[in-house]
Amino acid sequence: MVYLQLLYSYLKIGFFGFGGGYAMLALIQNEVVVRHHWLTNSELTDIIAISQMTPGPIAINSATYVGYTVTGNIWGSLLATFAVSLPSLTIMLLITKFYMVLHNNRYVRDAMYGMLPMVVAMILAATLLLLTPDTFIDVYSWLILAAAFFASVKKMNPILVICLSGVVGYLLYGL
């Protein structure tokens, strides 16, 4: 039964998670933490952090981790990873053919522009999801966030921002 739940949950995440990994976080959190209680919010935050340090999209990394955690074997990982990837692959194969024909159509172009605020809102929701007492434990963690945000606004290299934030976090909390 858990395999069917994994399949269904990650198919939903794959079908309705537009805008990339951060936009999918609200859906992932709802399915994994709220609905099925497979992970806690703290564990989800950990897998998001790990996903930032490893190659691959957040949705695929979380699917692989949750699939293994829930079933205790690689088959759960493979099933959840396949389920989250299948919708985008299928949709892209179908849409690409039609988009090449319709990309200059005014209505299609307007629909694409109309989706932009939704994607921004989902990324903002993911940001708010991560602003918890588990992730921001004192004033120093808020200062790291502010410094990283400021560096990003100033167009500093994102890899450098992540590395510097990690070093500062390690110096403050790891020693």
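For the structure given in this document, a descriptive report is provided here. (Residues numbered from 1 in each chain as written. Predicted model: local features only at pLDDT ≥ 70, side-chain atom pairs only at ≥ 80, totals over all residues. Heavy atoms only, no water.)

## Topic: helix H4 (residues 58-71)
Here comes step 1: Look at H4: 20 Å from first C-alpha to last across 14 residues, which is about the 20 Å you get at 1.5 Å a residue.
Here comes step 2: Remark: Gly-72 follows H4 within two positions and exhibits a positive phi of approximately 80°. (Helix = DSSP H or I, 4+ residues; strand = E, 2+ residues; numbered from the N terminus. Expected span 1.5 Å × (residues − 1).)

## Remarks on the packing of helix H7 (residues 139-153) against helix H8 (residues 158-174)
Here comes step 1: As a packed pair, H7 and H8 sit with axes 10 Å apart at the nearest point and diverge in direction by 165°. The angle between H7 and H8 places the two elements in the roughly antiparallel class. Note that H7 runs across H8; the crossing there is right-handed. Contact residues: Tyr-140, Ser-141, Ile-144, Ala-148, Ala-151 and Ser-152 in H7; Val-161, Ser-165, Val-168, Gly-169, Leu-172 and Tyr-173 in H8.
Here comes step 2: By residue class, the composition of the contact of H7 with H8 is 8 nonpolar, 4 polar and no charged. (Axes fitted to C-alpha atoms, helices over the stretch in contact; angles between N-to-C directions. Parallel < 35°, antiparallel > 145°, perpendicular 65-115°, else oblique. Left-handed = near helix turned anticlockwise from the far one by under 90°. Contact = heavy atoms within 4.5 Å. Nonpolar A, V, L, I, M, F, W, Y, C, P; charged D, E, K, R; others polar.)

## Here we look at unusual backbone geometry
Here comes step 1: The phi dihedral of His-37 falls on the positive side, at around 60°, and the residue is not glycine.
Here comes step 2: Locating His-37 in the fold gives a position in the loop between helix H2 (21-35) and helix H3 (41-53).
Here comes step 3: With a relative accessible area of 60%, His-37 lands in the exposed category.
Here comes step 4: At Lys-155, a position not held by glycine, the phi torsion is positive, near 65°.
Here comes step 5: Turning to its location among the elements, Lys-155 is positioned in the loop between H7 and H8.
Here comes step 6: Judged by relative accessible area, Lys-155 falls into the exposed class, the value being 73%. (Buried < 20%, exposed > 50% of the residue type's maximum accessible area, 1.4 Å probe, protein only.)

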